[in-house]
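As a plain string of letters, each chain reads:
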Amino acid sequence: MAVSTQQLAEELQIFGLDCEDALMEKLAELCVLYRQNEEGMVGELIAFCTSAGKARLTSEILNSFEHEVLNKKLSKAWHSTSKDSEHAGARDIVSIQELIEVEEEEESLLNSYTTPSKGPQKRAISTPETPLTKRSVSTRSPHQILSPSSFSPGATPSQKYSSRNNRGEVVTTFGSALGVAWSGRGGAGNISLKVLEPLTGSYKSMFQKLPDIREVLTCKIEELGRELKEHYKIEAFTPLGVPAQEPITLLGQVGCDSNGKLNSKSVILEGDREHSLGTQIPVDLSELEEYSLFPGQVVIMEGFNTTGRKLTATKLYEGVPLPFYQPTEEDGDFEQTMVLVACGPYTTSDSITYNPLLDLISIITHDRPDVCILFGPFLDVKHEEVENCRLTSSFEDVFKQCLRTVIEGTRSSGSHLVFIPSLRDVHHEPVYPQPPFIYSELSQEDKKRVQFVSEPCSLSINGVIFGLTSTDLLFHMGAEEISSSSGTSDRFSRILKHILTQRSYYPLYPPHEDMAIDYENFYTYAQLLVTPDVFIVPSELRYFVKDIFGCVCMNPGRLTKGQVGGTFGRLYLRRQPVASDSDSQGRQSLSVAAQVVRI
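Only a predicted model underlies this, so the values are computations on that prediction, with no experimental measurement involved. (Residues numbered from 1 in each chain as written. Predicted model: local features only at pLDDT ≥ 70, side-chain atom pairs only at ≥ 80, totals over all residues. Heavy atoms only, no water.)

## Side note on the overall build of the chain
Helix and strand counts for the chain stand at 16 helices and 22 strands. Residues classed as buried in the chain amount to 49% of the 599 residues present. The long-range share in the chain, meaning contacts at least 24 apart out of those at least 6 apart in sequence, stands at 74%. For the chain, the computed accessible surface area is about 30,100 Å², with 50% contributed by carbon and sulfur atoms. (Helix = DSSP H or I, 4+ residues; strand = E, 2+ residues; numbered from the N terminus. Buried < 20%, exposed > 50% of the residue type's maximum accessible area, 1.4 Å probe, protein only. Contact = heavy atoms within 4.5 Å. Areas by Shrake-Rupley, 256 points an atom, 1.4 Å probe, with all protein chains shown as cover.)

Structural data, given as structure tokens:
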């Protein structure tokens, strides 16, 4: 489409609106971009400038015009086009089903105003034996509910995913999994779900000040310092900057002396406010035989500081985990419970068809787990279709279609569903802690079994505490942690120990570049209140199930890995009877069997 800047200038002169040559070129580009001719574009612009009371065209006014007028006009045109396309040409099965339902509802409404006909009925009559309800939609299969053609017309299934031959393969096992049927009772069991210290709604982010962040970090140092001091029977801490010839004990937070990655030569210790006024001192680790450190870790070090300018560490006190949760009568009687956990993305990187999600729904329908914990992302911000803006529906609409697919597709199983957002969910608020999803279309029946929780959260399932987070903690902390060990050492185990002993869902500071943390809410909603019985930490790294300090830690992997299928996890929980003369606590009778399975 050719646009003449001369004609644009002539149209503007008619209305007496002054414009620079550079802005004339910009206006010509807008004509091409938004498919407007010269006369129509100038007419829209004059109306906008007149309403704004502007007599001269500037770049700011032109930018406002594009944002407030042209963009809105284009979005309305797309919306009306998508509506028209639903009633023209070939329709998919979802569109046909919806049209049939609307037609049935309209006909039933009209029939209510007329006398019954004596002739034969074309449609079924609503009777107590065969009622016609709006819930007929629940009989649709998930393949009918989720139609990728509605938001990505060119979507095709992933060939690599469809041709996989290892589906259902168990890749790792934990506990006494032999003889376990790996099937639950769906809605037949007595399941009690309760979130500890829940974050229930959105909050204002990006309003925090640096002193507020420092206050949160200082409180964390002082709180953990008091716990460690009491546990190790330490009399007093020494200020960081005071020279001393005898061994001293210091409390502080590990940091790096530069903007680069932490290494054994760049470790500094930042003291607490009470004893050291937040001063910093370099640390020499050469005398330590074993250590594992990361930025943000609160530690107690013992060593020598003869000059007051450098600490030579000789001993590092390990952190102490919190006690376990003790079930109460409100938690109810514990029954054998099967829990399924899966983490997005739920599409392969080369397709937006959601076939892996549909396969997962089939597994849920078949195995009928008591609880299904589903982590985001449900619509991944890193997916090629999202990055290149190829979807014809809004991100929110695609997400709601995914939710509706899962909820309606698993309704027959009766399983309780727990949805946890991810910072990679393109439609959701990218701030940590992350508020729960908002979905107002739940029916009364589904509200009893569907729960939306925040990221992260501590969830009680009949008194068994699950620590849940969709953030890739293992990857973030593994990239920053340094260690030295005389024997074999497992990095995953070290990182998990750090998380449990630092008593935080995200103890790393400074955080990873992908994280936007609101520290005021972080201090309230992202701390471990107790040591969880089960800790789910999905990661891009290799799947595993480990016992750390008596806590069963699982990385179920992601449901897809690039163009191929990934893994999900399942756990079987049961209580063992405790002898009356035993000193064991109630939680020690918990028995956990777990598996990680390929989709």
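## Some details on the pairing of strand 21 (residues 567–575)
Within strand 21, eight of the nine residues are buried, leaving the element largely enclosed by the surrounding structure. Where strand 9 (residues 337–343) lies against strand 21, five bridges are found, and the strand directions are antiparallel. Bridged to Val341 within strand 21 is Gly569. Both strand 21 and strand 22 (residues 590–598) contribute to a ladder of nine bridges, which runs antiparallel. (Pairing = 2+ DSSP bridges.)

## Brief notes about the side chain of Gln502
Counting through the fold element by element, Gln502 comes out in helix 15 (residues 491–502). Of the polar contacts made by the side chain of Gln502, one reaches the backbone nitrogen of Val298; its length is 2.9 Å. Contacts of Gln502, omitting those with residues within four sequence positions, involve Leu224, Phe294, Gly296, Gln297, Val298 and Pro507. (Polar contact = N/O pair within 3.5 Å; in protein donor to acceptor, adjacent residues only side chain to side chain.)

## A word on unusual backbone geometry
Following Gly376, the chain continues to Pro377 via a peptide bond in cis, the omega torsion being 10°. One can find Pro377 in the loop between strand 10 (371–375) and helix 11 (384–387). At Arg368, a position not held by glycine, the phi torsion is positive, near 50°. Locating Arg368 in the fold gives a position in the loop between helix 10 (355–367) and strand 10.

## Structural notes on the nonpolar core
The tendency in soluble globular proteins is for nonpolar side chains to be buried side by side. Grouped together as the largest cluster of nonpolar side chains are 36 residues, with contacts concentrated most on Tyr346, Tyr354, Leu360, Leu374, Phe419, Phe452 and Phe568. Elements that contribute at least two residues to this core include exactly strand 9, helix 10, strand 10, helix 12 (395–409), strand 11 (416–420) and strand 12 (450–452). The greatest single-element share of this core, amounting to six residues, is contributed by helix 12. When residues no more than four places from it in sequence are discounted, the contact partners of Phe568 are Leu340, Val341, Ala342, Leu360, Ile363, Pro556, Leu559, Gln595, Val596, Val597, Arg598 and Ile599. Counting residues in each nonpolar core, the second largest holds 31 residues, with Leu193, Leu573, Leu590 and Val596 among its members. (Core = buried A, V, L, I, M, F, W, Y, C linked by side-chain atoms within 4.5 Å.)

## So, helix 1 (residues 5–14)
Those residues of helix 1 lying buried are Leu8, Glu11 and Leu12. Burial along helix 1 is one-sided: seen end-on, the buried residues are contained in an arc of 100°. Exposed and facing more than 90 degrees away from the buried side of helix 1 are Gln6, Gln13 and Ile14. A distance of 3.3 Å separates the backbone nitrogen of Gln6 from a side-chain oxygen at the start of helix 1, and that oxygen is part of Ser4. With its phi angle positive at about 70°, Gly16 sits one or two positions after the end of helix 1. (Arc of directions from axis to C-beta.)

## Thoughts on the pattern of salt bridges
Per the counting criterion, the structure on display carries 18 salt bridges. A salt bridge links Arg273 to Glu222; its shortest N-O distance comes to 3.9 Å. A residue pair is termed long-range when its members are at least 10 positions apart, and Arg273 in helix 9 (residues 273–276) and Glu222 in helix 8 (residues 210–231) qualify at 51 residues. The class for Arg273 is partly exposed, based on a relative accessible area of 39%. With its nearest N and O atoms 2.5 Å apart, the salt bridge here joins Asp380 to Arg424. (Salt bridge = Lys/Arg side-chain N within 4 Å of Asp/Glu carboxyl O.)

## Quick notes on helix 3 (residues 38–52)
Along its 15 residues, helix 3 runs 21 Å from first to last C-alpha, staying within 8% of the 21 Å computed at 1.5 Å per residue. Two residues or fewer past helix 3, Gly53 is found with a positive phi of approximately 75°. (Expected span 1.5 Å × (residues − 1).)

## What about the environment of Val381?
By the element assignment, Val381 lies in the loop between strand 10 and helix 11. Its relative accessible area of 35% is what places Val381 among the partly exposed residues. Expressed as a C-alpha distance, the spacing of Val381 and Val426, which sit 45 residues apart in the sequence, is 4.7 Å. Excluding anything up to four places from it in sequence, Val381 contacts Val386, Glu387, Arg424 and Val426.

## Topic: the packing of aromatic side chains
Taken as a whole and judged by the stated rule, the model has 16 aromatic pairs. Relative to Phe437, the ring of Phe378 lies with its centre 5.8 Å away and its plane at 75°, an arrangement referred to as edge-to-face. Residue Phe378 is found in the loop between strand 10 and helix 11, and its partner Phe437 is found in the loop between strand 11 and helix 13 (444–447); the two are separated by 59 residues along the sequence. Each member of the pair, Phe378 as well as Phe437, carries the same accessibility label: buried. Through pairs of rings, three or more aromatic residues link up here, namely Tyr346, Phe378, Phe399, Phe419, Phe437, Tyr439 and Phe452. When the ring centre of Tyr161 is taken as origin, the NZ or CZ atom of Arg164, which lies over that ring, is 3.9 Å away. (Phe/Tyr/Trp six-rings, centres within 6.5 Å; stacked < 30°, edge-to-face > 60°. Lys NZ or Arg CZ within 6 Å of the ring centre and 35° of its normal.)

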